[in-house]
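# Breakdown of the fold
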Amino acid sequence: MISVIIGVMKKLYVDHLAEKKIRRGIQLLDGRDFQNVTGSDELVNLHNSKGQFLGTAYLSNQNKGIGWFLSNQTLDLTKEYFVALFQQARQKRHSYEKSDLTSAYRVFNQDGDNFGGLTIDLYGDYALLSWYNPFVYNLSAVIVDAFQTVYPEIKGGYEKIRFKGLDYESAHLYGQESPDTFTILENGVRYSVFMNDGLMTGIFLDQHEVRDSLVNGLALGKTVLNMFSYTAAFSVAAAMGGASETTSVDLAKRSRELSQAHFDANGLPTDNHRFIVMDVFEYFKYAKRKDLKFDVIVIDPPSFARNKKQTFSVVKDYHKLIAQAVELLNPKGTIIASTNAANMTVEQFKKQLEKGFGSIKHSYIDLKQLPGDFATNPADVSSNYLKVYTIKVNQ
Ligand code: SAH
């Protein structure tokens, strides 16, 4: 790898492997393919070893990768460029936009919309822009300007900083400020959200379809256990879908009031709905002791967690959750097993599930991945990070 400065735009010569990935359509630049690159947070022209022009990319360090390929053309990142990108992305989401049942969804998703490092979500009248690296962050003024041109009806915007190095992670960005909390609609269910309190917002929008399945039949008449429940969004979806009881378990104290807020937003009494602040592994022990059983168990852990006693990583330990959950399941019960670990393939995830089930009979009903508004790059399976299996357990 050699880099040469020509005019203002740096020229980077990439090796054969990196060229192959780019030609296949992969946009994320892997640090291992660009080992001798110096400089960061700049636009570069990529060439292969023979000097042929491959396209424009930018370099900037983020959680995954060292930058993004943008186009096989030469580019200027002008307002017009982003307006065109946002318009194309908006057209793809037409069905979401015209729905009366859903007011929160993603309108721009990284490489799925041909610009990695940026996501934009709508929460009713407000937008949430997330910057995944310093290069995109430095472009925020032109991006916000373009966004406002394409979405003039959105009242105000907030930003989330998804890279290290700044002294804040959330801020108001433009226009009107939202109320501290307000409700959005998804599949006809209300959720209580907040725009400016840390990185989270009260709901993970990428799980629309899983909540939809709970609203529309899966939970009807069932008892539901929701593990790693955060604000209990799966539980409120299940309750709206006719679940007879839900139990939500999360370690974070705050989860209780946030969960209550989702139920209150729908006018649902919580007599049959419990919010338990506890480590999930402690809860598994407790429930076994009390001989508690459930018809549906939802498991949605963070990719990596640490408590006082142990660390948990989905790549290595997911099977333990399945093995424990099976013991609390009623005959012919259902497990919904979810992970958002991008470093795990569908096959690796299934292996973990198989290890957890052991000899217990089970059948896979379906696999849900990211919903349509979370457009992915079909050339790069890692962009479709969400994996949610619905499994019937025939014990
Ligand atoms: N299922 C949720 C999202 C889960 S986010 C939803 O649909 O909205 C992950 C959650 O796991 C966080 O709220 C965190 O507090 C919780 N958590 C992490 N480790 C935990 C543990 N050992 N026991 C219980 N909860 C845990």
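Residues numbered from 1 in each chain as written. Predicted model: local features only at pLDDT ≥ 70, side-chain atom pairs only at ≥ 80, totals over all residues. Heavy atoms only, no water.

Positionally, His319 belongs in helix H10 (residues 314-326). Assessed through its relative accessible area of 15%, His319 is described here as buried. Once residues lying within four places of it in the same chain are set aside, the contact partners of His319 are Gln352, Lys355 and Gly356. (Helix = DSSP H or I, 4+ residues; strand = E, 2+ residues; numbered from the N terminus. Buried < 20%, exposed > 50% of the residue type's maximum accessible area, 1.4 Å probe, protein only. Contact = heavy atoms within 4.5 Å.)

On to the pattern of salt bridges. Enumeration according to the criterion identifies 20 salt bridges in this entry. For the salt bridge of Arg23 with Glu19, the shortest nitrogen-to-oxygen distance reads 3.0 Å. With Arg23 and Glu19 both in helix H1 (residues 16-24) and 4 residues apart, the pair spans about one turn of that helix. Classification of Arg23 by relative accessible area gives exposed; the value is 54%. Classification of Glu19 as buried rests on a relative accessible area of 11%. Of the charged contacts in the structure, one is a salt bridge between Arg254 and Asp197, with a shortest N-O distance of 2.9 Å. Placement of the pair is Arg254 in the loop between strand E15 (245-250) and helix H8 (255-265) and Asp197 in the loop between strand E13 (189-193) and helix H6 (208-218), with a sequence separation of 57 residues. Among the residues examined, Arg254 registers a relative accessible area of 37% and is labelled partly exposed. Overlapping salt bridges bring together Lys21, Asp30, Arg32 and Asp33 as one network. (Salt bridge = Lys/Arg side-chain N within 4 Å of Asp/Glu carboxyl O.)

Bringing the site of the ligand into the picture now. In the region of the ligand, 14 residues are neighbours, and Phe228, Asp250, Leu251, Val280 and Asp300 sit closest. Asp250 is positioned with one of its side-chain polar atoms (N or O) 2.6 Å from an oxygen atom of the ligand. In the environment of the ligand, a nitrogen atom lies 2.8 Å from a nitrogen or oxygen atom belonging to the side chain of Asp300. Considered on its own, the ligand offers 580 Å² of accessible surface; in the complex 87% of this is hidden by protein. Taken together, the residues that form the shell around the ligand break down as 10 nonpolar, 1 polar and 3 charged. (Near = heavy atom within 4 Å. Polar contact = N/O pair within 3.5 Å; in protein donor to acceptor, adjacent residues only side chain to side chain. Areas by Shrake-Rupley, 256 points an atom, 1.4 Å probe, with all protein chains shown as cover. Nonpolar A, V, L, I, M, F, W, Y, C, P; charged D, E, K, R; others polar.)

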